[in-house]
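Overview (structure and organization)
So the chains spell out like this:
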Amino acid sequence: MFLARRTLLRLSNLKYSYYTVNQNLEKSQYDLAKSLYAKIKATGPITIADYMKEVLINPLGGYYIHKDMLGESGDFVTSPELSQIFGEMIAIWFLNEWSKVGSPKPFQIVELGPGKGSLCQDILRVFKHFQALKEASVCLVEISPFLSDIQARKLCAQTILSKNEDDPVYRQGTSITHSTPIKWYRDLKNVPNIFTLLIAHEFFDALPIHKFRKTDLGYREVLIDIDKTKNMTFRYVMANHETPALKLFLNKNETREEFEVSPQSLVLVKDIATRLEEDGGLALIGDYGHEGEGTDTFRAYKKHKQHDPLLEPGTADLTADVDFSALKNAAIEEGKVLAFGPTSQRDFLLRMGIEHRVKNLGEAANEEQMKSIRFGFDMMTDPAKMGTRFKFLSLLPSVLKDILQKVPVVGFH
Ligand SMILES: C[S@@+](CC[C@H](N)C(=O)[O-])C[C@H]1O[C@@H](n2cnc3c(N)ncnc32)[C@H](O)[C@@H]1O
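These figures come from a predicted structure and were not determined experimentally.

**Observations regarding the nonpolar core**
With 54 residues, the main nonpolar core has I90, W93, F94, W98, F127, L197 and L284 as its most contacted residues. Among the elements that take part in this core, helix α6 (residues 84-100) stands out by supplying nine residues, more than any other. In this structure L284 touches I90, W93, F94, L198, I199, A200, F348, F392, L393, S394 and F412, once residues within four positions along its chain are discounted. Residues Y185, F259, A283 and V322 belong to the second largest nonpolar core, which totals 36 residues.

**Re the sheet that holds strand β14 (residues 305-307)**
Taking strand neighbours across the sheet as the criterion, the three strands line up as β14-β13-β15 in an open arrangement whose pairing is antiparallel. This sheet does not close on itself; its edge strands, each paired only once, are β14 and β15 (317-319). Taking each pair of neighbouring strands and ignoring which way they run, the sheet shows an average axis angle of 40°. Direction of pairing for strand β13 (residues 299-302) relative to β15: antiparallel, over a ladder of three bridges. Note on β15: the bridge partner recorded for A300 is L318.

**Observations concerning the site of the ligand**
Taken together, 16 residues lie around the ligand, and T78, G113, G115, E142 and H201 are the ones closest in. Between the ligand and H201 there is a distance of 2.7 Å, counted from an oxygen atom to a side-chain nitrogen or oxygen. Looking at the shell around the ligand residue by residue, the classes come out as eight nonpolar, five polar and three charged.

**Notes on the pairing of β13**
Looking at chain direction, β13 and β14 are connected through three bridges and run antiparallel. Bridge pairing in β14 places K302 opposite K305. The antiparallel hairpin formed by β13 and β14 contains two residues in its connecting segment, where K303 sits at a positive phi of about 50°.

**Thoughts on the pairing of strand β11 (residues 258-261)**
Remember that side chains alternate between the two faces of the sheet whenever the strand is regular. Side chains of β11 alternate between two faces, with E258 and E260 and F259 and V261 buried alike. Bridge analysis of strand β8 (residues 210-215) against β11 gives four bridges, and the strand direction is antiparallel. When the bridges of β11 are listed, R213 appears paired with E258.

**Details of the packing of aromatic side chains**
For the structure on display, the rule yields 15 aromatic pairs. Ring-pair connections join several aromatic residues into one group, and the members of that group are F86, W93, F94, F348, F392 and F412. A cation over an aromatic ring shows up here: R171 above the ring of W184, its NZ or CZ 5.9 Å from the ring centre.

**Topic: the environment of K211**
Relative to the assigned elements, K211 resides in strand β8. Here the alpha-carbon distance between K211 and S262, two residues 51 residues apart in the chain, equals 8.9 Å. The residues contacting K211, other than those within four sequence positions of it, are I48, R220, E221, V222, E258, F259, E260, T295, D296, T297 and F298. A distance of 2.9 Å separates a polar atom in the side chain of K211 from a polar atom in the side chain of E260. At 2.7 Å, the side chain of K211 forms a polar contact with the side chain of D296.

**A word on the domain arrangement of the protein chain**
By domain assignment, the protein chain separates into domain 1 (5-209 + 258-406) and domain 2 (211-249). Distance between the C-alpha centres of domain 1 and domain 2: 30 Å. If you look at the interface, domain 1 gives 26 residues, while domain 2 gives 20 residues. Carbon and sulfur atoms supply 73% of the area that domain 1 and domain 2 bury against each other, a total of about 2100 Å² over both sides.

**Regarding the pattern of salt bridges**
Evaluated as defined, the whole model comprises 22 salt bridges. Residues K116 and D68 are paired through a salt bridge, measuring 2.7 Å at the closest nitrogen-oxygen approach. Of the two residues, K116 is situated in the loop between β2 (107-112) and α7 (118-129) and D68 in the loop between α4 (63-66) and α5 (79-82); the sequence distance between them amounts to 48 residues. The two residues K116 and D68 agree in class, both being buried. A salt bridge links E254 to R256, with the shortest nitrogen-to-oxygen separation between them at 2.8 Å. Accessibility expressed as a relative area gives 16% for E254, which makes it buried. Given a relative accessible area of 16%, R256 falls into the buried group. Sharing partners across several salt bridges, the network here consists of E88, D122, R125 and R357.

**A short note on the side chain of H210**
Looking at the secondary structure, you find H210 in strand β8. At 2.6 Å, the side chain of H210 and the side chain of E221 are in polar contact. Aside from chain neighbours lying at most four places away, what touches H210 is T47, A49, E221, A245, F259, E260, V261 and P263.

Criteria and cut-off values
Residues numbered from 1 in each chain as written. Predicted model: local features only at pLDDT ≥ 70, side-chain atom pairs only at ≥ 80, totals over all residues. Heavy atoms only, no water. Core = buried A, V, L, I, M, F, W, Y, C linked by side-chain atoms within 4.5 Å. Buried < 20%, exposed > 50% of the residue type's maximum accessible area, 1.4 Å probe, protein only. Helix = DSSP H or I, 4+ residues; strand = E, 2+ residues; numbered from the N terminus. Contact = heavy atoms within 4.5 Å. Pairing = 2+ DSSP bridges. Axes fitted to C-alpha atoms, helices over the stretch in contact; angles between N-to-C directions. Near = heavy atom within 4 Å. Polar contact = N/O pair within 3.5 Å; in protein donor to acceptor, adjacent residues only side chain to side chain. Nonpolar A, V, L, I, M, F, W, Y, C, P; charged D, E, K, R; others polar. Phe/Tyr/Trp six-rings, centres within 6.5 Å; stacked < 30°, edge-to-face > 60°. Lys NZ or Arg CZ within 6 Å of the ring centre and 35° of its normal. Domains from an automatic or database assignment. Buried area = accessible area lost by both parts, 1.4 Å probe. Salt bridge = Lys/Arg side-chain N within 4 Å of Asp/Glu carboxyl O.

Structure, rendered in structure tokens:
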């Protein structure tokens, strides 16, 4: 069907050298640590959610703002960077479900946190192959100007940057492959209200979490304070009172020693549900996560190794496992959407026919290329690697209930 162009490049030529870290990065990250230090000194310990937000997206030196973190030379590798087949399976899922409702047009493909733009590129290639880009547009929700540049170079021949900082569309262009309009937004709330195919892969794990721990006094929130024994270092402390987040999120039946809640994720998934109900559309959320049993999952990654989240803020990725049961409950709470999953990445990809695609690509591949294809397949589906830790959740408008009872959502059954 398609050529295995980038699968092979991504695996056998993992250099990712076209961007280097911003020259001012060290200074700005020092400024970030200084500003966190000053903030805590002035107002007292801060929540992990506040810390995560500052460290990841503060314009001063936030991790996502200045850095290409994906790939072998970065801090971690994601499935879209491992293999083009990943994006192809996702594209097929959207095409299949979209066709069940008559492929409404115009429509938009919305990606939250597009990274290097590889997933979007693979989805567009499949849509083009099936001549499904008529009346299509793409909306990329990306906070990082640096990554938006990488995405733009991958997807468009040229893009125009908005001169007005308040413009919700800060960059725009058309795709190289099919002249599909592509616009960049900082926030989903500004994305147009039309029929939407929304993908969020490894996005929710980057959203801030609050962390709580059982103590002799009941649950208390874990906060971040400055370590007075060392200059410019941070430490965890327990709140000595019930914080607003604890009052809001403590479930009466909670028994875990520790638990985490991401309020921003819950608000976002509710916004997605509202969009799907009001404008029509489908959403697919893929990430590493648990189903409500997770405890202490807040961690940092640097150069493919776990790192102390409190050390050198801004130089390492901060992340927490996605609580898929909380996400699902928030999404379906108001009855606007139906949720299917979470299902493991392995089951999802196998049900979507990844083995056939591997076989099909293999027919035109040489030995080295076949090795790369197998490597990507194993990484993505092996239960000991990404196969079960990564999960998929799909959201579809509740109005489709009868249709979906007759023709169930692919990939989830
Ligand atoms: C872990 S990367 C995942 C990239 C890509 N989806 C993949 O799977 O390869 C997270 C992406 O989300 C973006 N991001 C993180 N926090 C964001 C926020 N609050 N708003 C918009 N984009 C954000 C990052 O800049 C990055 O593009």
